[in-house]
Amino acid sequence: MKNEIFNMTAVLKPHEECEKPRTVFIEGDPGMGKTTYCQKLAYDWATTQENWDESFPIIDLLLLLRCQDIKSDIWEAIRDQLLPHEMDEESKSNFKKFILENQSKVLLVLDGLDEADQSKQKLFVSLAQSKLLPNCLVLFTSRHESGKEVRRLCDTLWEIVGFAKKDAKSFIRKYFGKNKNLTERLLTEIRSRSDLRKLISNPLNTTLLCILCEDFREDFPTSKAKLVTHCVLRRYKGKKGSPSPYESEDLMQVYEEDLLCLGKLALTSLLKDEPYIDGSAVTGSNTNVITELGFLSLQTGGSRRKRCFRYGFLHKSFQEFFAGFYLASKVVAGDNDLEIDVTDARFLRELRHVFLFMGGIIVSKSEESAIHLLRDITEHANSLSLDTSCDGFKEVNRRVESACSFIRECAKYKKSLQPLLLREFGSHFEIVPSSLKKSRHLNLILENLSGNTTLTTLNLCEFVIRDSGAESLSKSLSDNSAITNLNLSFNNIGHDGAKFLSVGLRANTTLTILNLRVLPCGLRAIRNICENKPAKLSYYTA
């Protein structure tokens, strides 16, 4: 659905594709408030239902379950997570009977599909397909990268897009209360910087900015990786004190041992697809790191019959940050014995945010390591390009998207590094996948193909590079000595673009085939160049 929604209880309202939605899928980025939404919905239902949307059905029971804690079936999850330990078996049986006999009056809220055990996906699919509890209302929440099979089965899809500007301002004013100086300082900073205005759409980022504003005197961070880094170091400084001035680089070295300890635990649990750290894994000095600094809380887990203790991070973003810090430190140190290879496909999906944190931290520690990592990603994409199947093509696209995401994250740390990374990227890839059509870096990549010695066929058909892209490509054609076949069909290249291309084509000595459909106003200039080159150049303009 494309409609904006302001009332949190309007998620089950009818729409063109479904007159009576039964299943709803709500997705959003980390920190957008998916869990908070579920908790608020449950709280309001249990206490007061004022101003609820008229489309919200009358229900007798709302059951909020954490997907990550579902270890068996739905009934076991209800018993473990919701029913009192002292409830007798007859009462539990009657409760189950009530649910089965009144399904249309029951709403199941399943929070955090992305954190669920993968072996339980069939359970969620059965709920979405109406094979299990077919008349119950069901609401799922998940990050974007997860739950695709369940998403396509749901009647309604919503996205939590975060704070509007007025929401963020209201939150900031409430956070600082009577301290108008800090309120105005942060709001002034946000008004003057577009990068901060992008950050505050995420409620978690807005909270972190407020925390930093209380005692931070440097420029505000420009990326989520920077933001979480400063927040973590602020926490360390407050708990342990700082033997050096409050400079991030200094504190990262001072507390590196503790950060690596937490990072290894975080990565291990993520690789096991577990949201918690088992209590048995925390021993010796690890215990002090975990209990003193407050990034993890001790929780009880397991079933009602077999309790266990475990540690959970305040938010999954912190778990991903520490895992990224751990990997980044090992990469910069030249340690090749990594628990997961930097080209692992999981960095494109469930560990995508770990990858971005890792990239941002690597570039803050070593530009050389960032360049080497980008080269590894590019070379891996090149090796995958040998697979000409549809799946192979999609995988290459994902790798290139990953490389572009890495470049963007590095640029947030050091903008001057972006041209260098783009030049490195442009010099080493062997194909130009279709995913670059939508890349904001396309023109810069085209401009940096001059040093590429492996790309012989450049197919930009329907990339719609227009005159600006033609100008960028012309700069590379002047010096490139590898490209022999160039397809520029359907790119809306006009008179100015044709003039730019003419300059590059005049200097180029290796191109032999040019497929070009420019707008009529630029055709003559291109034709004159092609027909008067000393070397043979076949061109097609029909």
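Residues numbered from 1 in each chain as written. Predicted model: local features only at pLDDT ≥ 70, side-chain atom pairs only at ≥ 80, totals over all residues. Heavy atoms only, no water.

Chemist: With reference to specific residues and values, describe the overall build of the protein chain.
Modeler: Secondary structure summary: the protein chain contains 22 helices and 12 strands in total. In the protein chain, of all internal contacts separated by at least 6 residues, the share reaching a separation of at least 24 is 71%. Roughly 26,600 Å² of accessible area belongs to the protein chain as shown, and the carbon and sulfur atoms make up 49% of that amount. (Helix = DSSP H or I, 4+ residues; strand = E, 2+ residues; numbered from the N terminus. Contact = heavy atoms within 4.5 Å. Areas by Shrake-Rupley, 256 points an atom, 1.4 Å probe, with all protein chains shown as cover.)

Chemist: Which residues make up empty space enclosed by the protein, and what values do they have?
Modeler: For the structure on display, the rule yields one cavity of 30 Å³ or more. Reported here for the largest cavity is a volume of approximately 40 Å³. Forming the boundary of the largest cavity are Val342, Thr343, Asp344, Phe347, Leu348, Phe355, Ile377, Arg399 and Ser402. Its residues assigned to classes, the lining of the largest cavity shows five nonpolar, two polar and two charged. (1 Å grid on protein atoms, 1.4 Å probe; cavity = no way out; pocket = protein on both sides within 12 Å on 5 of 7 lines; lining within 4 Å. Points joined across faces, edges and corners; volume = space filled by probe spheres on them. Nonpolar A, V, L, I, M, F, W, Y, C, P; charged D, E, K, R; others polar.)

Chemist: Which residues make up the packing of helix α7 (residues 180-192) against helix α9 (residues 203-213), and what values go with them?
Modeler: Axes are the key here: two packed helices are described by the angle between their axes and the distance separating the axes. Interaxial distance between α7 and α9 falls to 10 Å at its minimum, and their mutual angle equals 125 degrees. Considered as vectors, α7 and α9 are oriented oblique to each other. Once α7 is placed against α9, the crossing between them reads as right-handed. Here α7 contributes Leu182, Arg185 and Leu186 to the contact with α9, which in turn contributes Leu209, Cys210 and Cys213. When its residues are assigned to classes, the contact of α7 with α9 shows five nonpolar, no polar and one charged. (Axes fitted to C-alpha atoms, helices over the stretch in contact; angles between N-to-C directions. Parallel < 35°, antiparallel > 145°, perpendicular 65-115°, else oblique. Left-handed = near helix turned anticlockwise from the far one by under 90°.)

Chemist: A description of the side chain of Thr206 should follow, citing residues and the corresponding values.
Modeler: Within the secondary structure, Thr206 is located in helix α9. Look at Thr206 and you get buried, because its relative accessible area is 0%. Contacts of Thr206, omitting those with residues within four sequence positions, involve Phe163, Ala168, Phe171, Ile172 and Ile200. (Buried < 20%, exposed > 50% of the residue type's maximum accessible area, 1.4 Å probe, protein only.)

Chemist: Give a description of the packing of aromatic side chains that names residues and reports values.
Modeler: To describe a pair of aromatic rings, one takes the distance between the centres and the angle between the planes. Taken as a whole and assessed by the stated rule, the structure comprises nine aromatic pairs. An angle of 40 degrees between the planes, with centres 5.7 Å apart, marks the rings of Phe163 and Phe171 as tilted. Looking at Phe163, the relative accessible area reads 22%, which means it is partly exposed. Judged by relative accessible area, Phe171 falls into the partly exposed class, the value being 26%. Clustering of aromatic rings is evident, with ring pairs tying together Phe163, Phe171, Tyr175 and Phe176. (Phe/Tyr/Trp six-rings, centres within 6.5 Å; stacked < 30°, edge-to-face > 60°.)

Chemist: A description of helix α14 (residues 316-332) should follow, citing residues and the corresponding values.
Modeler: Compared with the 24 Å implied by 1.5 Å per residue over 17 residues, the 24 Å span of α14 between its first and last C-alpha is a close match. Counting buried positions along α14 gives 16 out of 17 residues, so the element sits mostly inside the fold. One or two residues past the end of α14 sits Gly334, with phi positive at roughly 80 degrees. (Expected span 1.5 Å × (residues − 1).)

Chemist: So, the confidence of the model for the protein chain: which residues are in play, and what are the values?
Modeler: Low-pLDDT stretches of the model should not have their predicted coordinates read in fine detail. Averaged over every residue, the pLDDT of the protein chain is 82; residues scoring 70 or more account for 82%. When mean pLDDT is compared element by element in the protein chain, strand β3 (residues 106-111) scores highest at 97, while strand β12 (residues 538-540) scores lowest at 59. (pLDDT = per-residue confidence, 0-100.)

Chemist: I'd love a proper account of the sheet that holds strand β5 (residues 156-159), names of residues and values included.
Modeler: Spatial ordering of the open sheet is given by β2-β3-β4-β1-β5, a layout of five strands whose pairing is parallel. A strand with exactly one partner marks an edge of an open sheet, and here the two such strands are β2 (61-66) and β5. Taken pair by pair, the neighbouring strands of this sheet meet at an average axis angle of 15 degrees, ignoring direction. As paired elements, strand β1 (residues 23-27) and β5 share four bridges and run parallel to each other. Each bridged residue has a counterpart across the sheet, and for Ile26 the counterpart in β5 is Trp158. Each of β2 and β3 touches helix α3 (residues 89-101); the most contacted strand, β2, lies at about 110 degrees to it. (Pairing = 2+ DSSP bridges.)

Chemist: Explain unusual backbone geometry residue by residue, including any values.
Modeler: Positive phi, close to 70 degrees, is recorded for Ser130, a residue that is not glycine. Tracing the chain through its elements places Ser130 in the loop between α4 (121-128) and β4 (137-142). Judged by its relative accessible area of 31%, Ser130 falls in the partly exposed class.

Chemist: I'd like a description of a positive patch on the surface, backed by residues and values.
Modeler: Together, Lys165, Lys169, Arg173 and Arg197 make up a region of like positive charge exposed at the surface. Element by element, the count of residues in the positive patch is highest for helix α6 (residues 165-176), at three residues. Considering the arrangement of structural elements, one finds Arg197 in helix α8 (residues 194-199). (Patch = residues over 30% accessible without salt bridge, like charges linked within 9 Å, V, L, I, M, F, W, Y side chains within 5 Å. Salt bridge = Lys/Arg side-chain N within 4 Å of Asp/Glu carboxyl O. Lys, Arg positive; Asp, Glu negative; His and termini not counted. Charge placed at Lys NZ, Arg CZ, Asp CG, Glu CD.)

Chemist: How would you explain the nonpolar core if you had to name every residue and give the values?
Modeler: Counting residues in hydrophobic clusters, the biggest one holds 99 residues, and the most contacted among them are Leu186, Phe322, Phe425, Leu458, Leu473 and Leu488. If one sorts the elements of this core by residue count, α14 sits on top with nine residues. Looking at this core, you find at least three residues from each of domain 2 (340-430) and domain 3 (434-541). Dropping the residues within four chain positions of it, Leu186 is found in contact with Ile172, Phe176, Leu209, Cys210, Cys213 and Phe220. Ranked by size, the runner-up nonpolar core spans 28 residues in total, among them Cys67, Trp75, Leu113 and Phe140. (Core = buried A, V, L, I, M, F, W, Y, C linked by side-chain atoms within 4.5 Å. Domains from an automatic or database assignment.)

Chemist: A description of the environment of Thr141 should follow, citing residues and the corresponding values.
Modeler: Topologically, Thr141 is positioned in strand β4. Here Thr141 falls in the buried class, since its relative accessible area comes to 1%. Residues Thr141 and Trp158 lie 17 residues apart in sequence; the distance between their C-alpha atoms is 9.4 Å. Not counting residues up to four positions away in its chain, the partners in contact with Thr141 are Ile26, Lys34, Cys38, Leu110, Asp111, Gly112 and Leu113. There is a polar contact of 2.9 Å between the side chain of Thr141 and the backbone nitrogen of Gly112. (Polar contact = N/O pair within 3.5 Å; in protein donor to acceptor, adjacent residues only side chain to side chain.)

Chemist: Please set out the state of the cysteines residue by residue, giving values where relevant.
Modeler: Applying the stated criterion across every chain yields a total of zero disulfides. Of all cysteine sulfurs, the one in Cys210 lies closest to Cys213, which takes part in no disulfide; the gap is 7.2 Å. Judged by relative accessible area, Cys213 falls into the buried class, the value being 0%. (Disulfide = S-S within 2.5 Å.)

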